[in-house]
Amino acid sequence: MFDKKIYIKRRSLLRDDVNTGLILILGNNESPMNYPANPYPFRQDSNFLYFFGIDKPGFTGLIDIDENKDFLFGEDFTIDDIIWMGPQPYIKELADKVGIKNTGNLRKLKEQIDNAILKGRKIHFLPPYRAENSFEIERLLGISNIKNYASKELIKAVISQRSVKSKEEIAEIEKALDISYEIYMAVMNIAKPGKYERELVGEIEGIISSFGSHYSFPTILTINGETLHNHFHGNKLTKNRLLIIDSGAESPEHYASDITRTLPVGGKFTSEQKDIYEIVLESQICAIKATKPGEKYRDIHLKVAQVIAQGLKDIGLMKGNVADAVKKGAHALFFPHGLGHMMGLDVHDMEDLGEDLVGYDDIVKRSDQFGLAYLRLARELKPDFVFTVEPGIYFIPALIDQWSSEKRYKEYIDYSKVEKFKGFGGIRIEDDVMITDKGHRVLGRTQIPKSVKEIEDIMV
Ligand code: GLY
Ligand code: MN
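Q: Teacher, can you tell me more about helix α6 (residues 131-141) here?
A: Residues lying three or four places apart along an α-helix face the same way, a consequence of the helix completing one turn every 3.6 residues. When α6 is considered as a whole, its buried residues turn out to be N133, S134, I137, E138, L140 and L141. What you see down the axis of α6 is that its buried residues fit within an arc of 165 degrees, all on one side. Immediately beyond the C-terminal end of α6, within one or two residues, lies G142, with a positive phi of roughly 65 degrees.

In structure tokens:
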């Protein structure tokens, strides 16, 4: 938990940004796997964590804008709970740690909400992503079809505050990146032919657990890297296959890291792999260099697409005018996803509040072109934004077959050559970057190797 002053300041800024009424922020509860007493690992709601700091299930926060008061509601533990869980803090003690004087049980919360409704006061809440929190808000407010009622004013205020990371938050992200560094250094040493993907996943998740952490999203580790979010881990590693590892951990305060590296099983890239790898790496370095305040991330995404299209043209897979190919979207056969996303307490930060509200603004609107439409972050970059830079090149057999049979963009793509790359897999390289006053900084106290030479030197 951060110092209580941080939570007091965050709530005060929120009060200033929302005009009138009450702000209701539900924490998460335990979520059962197969019966109530057997829950998934607990993950607190990120908005609750941000404004109320308490990393335990069963609490609700309330901010009264007009009365200038904050409240924490929850139930104190009974002796029955303590027998199973050990001694637990009282709600008053927890509230004090985050600078809140007013506490009550859940019955009191309902009374306070009922009172506010009777007086016709506005109650702001964020769009819930867990069914049980939807039901709870519906019960508390006496409404149904909750989707229509989430407060746009509150969503915008929360996004504007959480988008700009403080020093403490950057330090947390770098703690998560320390774990990522350990992960990748270990994996480069054990990704040998004959190992199973699941054994590597076990190593990674063991490292994460040994830091007392949890992954920030389920680990992607696969020799079939052309599937962007491949969570199947049953394949055996064979020499000369590419292995994509896209993984992240959480810091003690639950800030995320998100790093991808692509490794050659056996320790040496084939010349074909090296050709593609160098294109992705060049595009990633070019993207990072271009990040600074005032740049639109969509423009950087398109710059990357040009580097990728030019590189693929140089080795004969694409042809024609590169700028036109990118404008029309032909590169998306190989690079079908967006360049990156905001990162913070969530690996895709604040995606629960609406992807477009986080990643787009009044000037940059989402495209409906295949590939570009998947871009999660497109807006103008501002100091202290943190986001990923993660270009890739993939050879997706089903997509190649579809486009080839339709002769789509045949003036820009040499399908006879592309055909030979079916089975190649995919390459993605991802780092986490923050915008500074004048430029950018790649986050992480120690950079994770990514050049061909660095990787081969470690792996061989
Ligand atoms: N690293 C997973 C993702 O960005 O979607
Ligand atoms: Mn990512």
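There is more to say, and it comes next.
Q: Can you help me understand the packing of aromatic side chains in this one?
A: For the structure shown, the criterion picks out 14 aromatic pairs. Here F71 and F73 contribute two aromatic rings whose centre-to-centre distance is 6.0 Å and whose plane-to-plane angle is 10 degrees, an arrangement assigned as stacked. The pair formed by F71 and F73 is uniform in burial state, with each residue classed as buried. Members of the aromatic cluster, connected to one another through ring pairs, are F334, F395, F421 and F424. Here the basic side chain of R10 rests over the ring of Y50, its NZ or CZ set 3.8 Å away from the ring centre.

Q: I'm lost on the site of ligand 1 in this one. Help?
A: Taken together, F217, H229, D246, D258, H341, H348, E390 and E430 make up the full set of residues near ligand 1. Contact between ligand 1 and D258: a nitrogen atom at 2.8 Å from a side-chain N or O atom of the residue. Surface burial for ligand 1 is 94%, taken as the share of its 200 Å² of free accessible area covered by protein chains. For the shell around ligand 1, the class distribution of residues is 1 nonpolar, 3 polar and 4 charged.

Q: Can you help me understand the packing of helix α8 (residues 167-190) against helix α9 (residues 197-210) in this one?
A: When two helices pack together, their arrangement is given by the angle between the helix axes and the distance between those axes. Relative orientation of the contacting elements α8 and α9 amounts to 150 degrees, with a least axis distance of 10 Å. Looking at the two axes, α8 sits roughly antiparallel to α9. Judged by the twist between their axes, the crossing of α8 over α9 is right-handed. Along the contact surface, α8 presents I179, E182, I183, A186, V187 and I190, while α9 presents L200, E203, I204, I207 and I208. Looking at side-chain class alone, the contact of α8 with α9 contains 9 nonpolar, no polar and 2 charged residues.

Q: Before we go on, may I ask you to explain the pairing of strand β12 (residues 431-435) in this structure?
A: Side chains on a regular strand alternate between the two faces of the sheet. Counting buried positions over the 5 residues of β12 gives 5, a clear majority of the element. Of the two faces of β12, both are covered, the one formed by D431, V433 and I435 as well as the one formed by D432 and M434. The sheet contact formed by strand β9 (residues 386-389) and β12 spans 4 bridges and is antiparallel. Across the sheet, V386 pairs through a bridge with M434, a residue of β12. Sheet topology note: the β12/strand β13 (residues 440-442) ladder contains 3 bridges and is antiparallel.

Q: I tried to follow the sheet that holds β13 on my own but got confused; where do I start?
A: A sheet is described by the order of its strands in space; here 3 strands give the open sequence β9-β12-β13, paired in antiparallel fashion. Pairing within the sheet leaves two strands with one partner each, and these edge strands are β9 and β13. Taken pair by pair, the neighbouring strands of this sheet meet at an average axis angle of 35 degrees, ignoring direction.

Q: So what exactly am I meant to see when it comes to the nonpolar core here?
A: A general feature of soluble globular proteins is that nonpolar side chains tend to end up buried together. Core analysis: the largest hydrophobic core is formed by 144 residues, its most contacted members being L24, F395 and I413. For this core, the element with the highest residue contribution is α8, accounting for 9 residues. Apart from residues lying up to four places away in sequence, I413 is in contact with L317, M318, K319, A330, L333, F334, W403, R408 and V418.

Q: What am I meant to see in the side chain of H254 here?
A: Within the fold, H254 resides in the loop between β7 (242-247) and β8 (259-264). The class for H254 is buried, based on a relative accessible area of 13%. A polar side-chain atom of H254 sits 2.5 Å from a polar atom in the side chain of E250. Beyond its immediate chain neighbours, meaning those up to four positions away, H254 contacts R43, L49, D55, G344 and L345.

Q: Would you take a moment to explain the environment of A95 for this structure?
A: Following the sequence through the fold, A95 ends up in helix α4 (residues 91-97). Taking the C-alpha atoms as reference points, A95 and L72, 23 residues apart in sequence, are found 6.4 Å from one another. Contacts of A95, omitting those with residues within four sequence positions, involve L72, I100 and T103.

Q: Quick question: what am I supposed to make of the environment of G212 here?
A: Summarising the element assignment, G212 is placed in the loop between α9 and β6 (220-222). What makes G212 exposed here is its relative accessible area of 71%.

Q: Would you take a moment to explain the pattern of salt bridges for this structure?
A: Any two side chains of opposite charge can pair if their charged atoms end up close together. Tallying each qualifying case throughout the model produces 31 salt bridges. E355 is paired through a salt bridge with R366; the nearest N and O atoms lie 3.0 Å apart. Remark: R366 occurs in the loop between α13 (355-359) and β9 and E355 occurs in helix α13; sequence separation between them is 11 residues. On the basis of relative accessibility, which here comes to 25%, the residue E355 falls in the partly exposed class. For R366, a relative accessible area of 28% translates into the label partly exposed. The structure contains a network of salt bridges with shared partners spanning E351, E355, D356, R366 and R376.

Q: Can you walk me through the sheet that holds β8 in this structure?
A: Taken in spatial order, the 3 strands line up as β6-β7-β8 in an open sheet, and their pairing is antiparallel. Looking at strand neighbours, the two that pair on one side only are β6 and β8, the edges of this open sheet. Adjacent strand axes in the sheet meet at a mean angle of 10 degrees when their direction is disregarded. In terms of strand pairing, β6 meets β7 through 3 bridges, oriented antiparallel. Counted as the bridge partner of I220 is D246 from β7. Helix-sheet contacts for α8 involve β7 and β8, and the interaxial angle to β8 is about 10 degrees.

Rules and cut-offs
Residues numbered from 1 in each chain as written. Chains lettered and ligands numbered in written order. Predicted model: local features only at pLDDT ≥ 70, side-chain atom pairs only at ≥ 80, totals over all residues. Heavy atoms only, no water. Buried < 20%, exposed > 50% of the residue type's maximum accessible area, 1.4 Å probe, protein only. Helix = DSSP H or I, 4+ residues; strand = E, 2+ residues; numbered from the N terminus. Arc of directions from axis to C-beta. Phe/Tyr/Trp six-rings, centres within 6.5 Å; stacked < 30°, edge-to-face > 60°. Lys NZ or Arg CZ within 6 Å of the ring centre and 35° of its normal. Near = heavy atom within 4 Å. Polar contact = N/O pair within 3.5 Å; in protein donor to acceptor, adjacent residues only side chain to side chain. Areas by Shrake-Rupley, 256 points an atom, 1.4 Å probe, with all protein chains shown as cover. Nonpolar A, V, L, I, M, F, W, Y, C, P; charged D, E, K, R; others polar. Axes fitted to C-alpha atoms, helices over the stretch in contact; angles between N-to-C directions. Parallel < 35°, antiparallel > 145°, perpendicular 65-115°, else oblique. Left-handed = near helix turned anticlockwise from the far one by under 90°. Contact = heavy atoms within 4.5 Å. Pairing = 2+ DSSP bridges. Core = buried A, V, L, I, M, F, W, Y, C linked by side-chain atoms within 4.5 Å. Salt bridge = Lys/Arg side-chain N within 4 Å of Asp/Glu carboxyl O.

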